[in-house]
Amino acid sequence: MGDPMRIRAQAKDDKTTVRVLMAHEMESGQRKDSSGKLIPAWHITDVTATLNGKPVFACEWGPAVSKNPFLQFTIKGGKAGDKVAVTWKDTKGDTRTDEATVS
Amino acid sequence: MHARSLCLAVLGTLALGAPALAQKTSTQAIEEYREMLQDGNPADLFEMKGEELWSKKRGPKNASMQQCDLGKGPGVVKGAFVELPRWFADTGKVQDLESRLVTCMSTLQGIDPKEVINGQWGKGERANVTALATWVGAQSKGMPFNLPQSHAQEREMYQVGKRLFFQRGGSHDFACASCHGEEGKRIRLQDLPRLSGNPGDGVGFAAWPAYRVSNGQMWSMQHRLNDCYRQQRFPEPTYASDATVALGVYLGVNAKGDKSAVPTIKR
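Right, let's walk through the structure included here. (Residues numbered from 1 in each chain as written. Chains lettered and ligands numbered in written order. Predicted model: local features only at pLDDT ≥ 70, side-chain atom pairs only at ≥ 80, totals over all residues.)

Quick look at the nonpolar core now. Residues and elements named next belong to chain B. Leu101, Leu132, Val136 and Val249 are the most contacted members of the largest nonpolar core, which has 73 residues in total. In terms of residue count, the dominant contributor to this core is helix 6 (residues 124–138) (eight residues). When residues no more than four places from it in sequence are discounted, the contact partners of Leu101 are Val129, Leu132 and Ala133. (Core = buried A, V, L, I, M, F, W, Y, C linked by C-beta atoms within 7 Å. Buried ≥ 20, exposed ≤ 12 C-beta atoms within 10 Å, placed from the backbone. Helix = DSSP H or I, 4+ residues; strand = E, 2+ residues; numbered from the N terminus. Contact = placed C-beta atoms within 7 Å.)

Below is the structure:
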């Protein structure tokens, strides 16, 4: 299990903006270490989000996404007090879920 | 027609001040890029880690850092960052934020300072100190720097720091002042603040710890100073040594009144 994410979700009008900061190495699999050996790929492959348990967002990520990635997306609907949960899964099969309350 | 005349006007400006404009737009573009990144500054992740480390019971003594005295009394964090480095009665020394955190980790938690001082950047206990420094620094965001200079040792450290700043040496006959001694200097596209004077809000001493986007690392002031010396082709200074603290006093006192923007985000 990785380090915690930082999730901020803000409702305005009929939309909720979610901003997520994830702690992850995001090793691309293209880099070499000091002895010239390839560092194996280790990055997030899937990101999903739910609003009050209902899936609202899903994406697949590859090696081009930066270390400690920042993700922002907008959900239709949502109001203060709703729960937004974000989950990532990486190439090692590791996964982490964090939840935030919409403000 | 209107669009065309506008286009001509733009071309006119380009022709007149092409080199100056090109330079300005690239630094401006970097400024914009930094602004965009500011919202999702991964320094927040290190801040969270630091906050956890502050209250977590750790080390041989199984204690937290919550009784650590950063200069404003045990456990007082807010405002401590903008008054460091300062003189501490218990150690009888002038200490910067990181050397003070190492002292607290040693006295409160029983963690051997050697683990930090002889450690590696971004690893083990040294990485923990950086995370703690990020969190402590963030608690004084927006506050103006006001380093104390009432103790004789604090004034002495300022003078030592000043000498180190201007001391030329190494294979390139360099000093901190070679890059940071006058206005308008830069390395590649990076503007360099004049640190022998007051650099202004959120610049120089008021900008570190910072997250480096290019390598995904969180850099403390100790790391920043260490790398400045490396770039000057000097031997690597010892972590939290008196020399690095003296430079901190010099930079910090010069930054008097400047508001802290810590933690910031850098290229």
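Read on, since the account is not over.
All names here are of chain A. With antiparallel pairing, the four strands of this open sheet are ordered in space as 4-3-6-7. The outermost strands of the open sheet, each flanked by one partner alone, are strand 4 (54–60) and strand 7 (95–101). Each strand axis lies, on average, 15 degrees off the axis of its neighbour in the sheet, ignoring direction. As paired elements, strand 3 (residues 44–51) and strand 4 share six bridges and run antiparallel to each other. Considered in strand 4, the bridge of Thr50 is made with Pro55. (Pairing = 2+ DSSP bridges. Axes fitted to C-alpha atoms, helices over the stretch in contact; angles between N-to-C directions.)

Okay, unusual backbone geometry next. Of note, the bond from Leu84 of chain B into Pro85 of chain B is cis; its omega dihedral lies within 30 degrees of zero at 0 degrees. Locating Pro85 of chain B in the fold gives a position in the loop between helix 3 (43–55) and strand 1 (86–88). Residue Pro263 of chain B is reached from Val262 of chain B by a cis peptide bond, and omega for that bond is -5 degrees. Tracing the backbone through its elements, the reader meets Pro263 of chain B in the loop between helix 10 (242–254) and strand 7 (264–266). Phi angles above zero are rare outside glycine, and Asn52 of chain A is one such case at about 50 degrees. Positive phi is not limited to glycine here, since Asn62 of chain B has a value of about 45 degrees. Summarising the element assignment, Asn62 of chain B is placed in the loop between helix 3 and strand 1. Using a count of 9 C-beta atoms within 10 Å as the deciding quantity, one classes Asn62 of chain B as exposed.

The subject of this paragraph is the sheet that holds strand 2 (residues 15–21) of chain A. All names here are of chain A. Ordered in space as 1-2-5, the three strands form an open sheet in which the pairing is antiparallel. Strands with a single pairing partner mark the edges of an open sheet, and in this sheet they are strand 1 (6–12) and strand 5 (70–76). Direction aside, neighbouring strands of the sheet carry axes that sit 15 degrees apart on average. Of the strand pairs in this sheet, strand 1 and strand 2 are connected by seven bridges, and their pairing is antiparallel.

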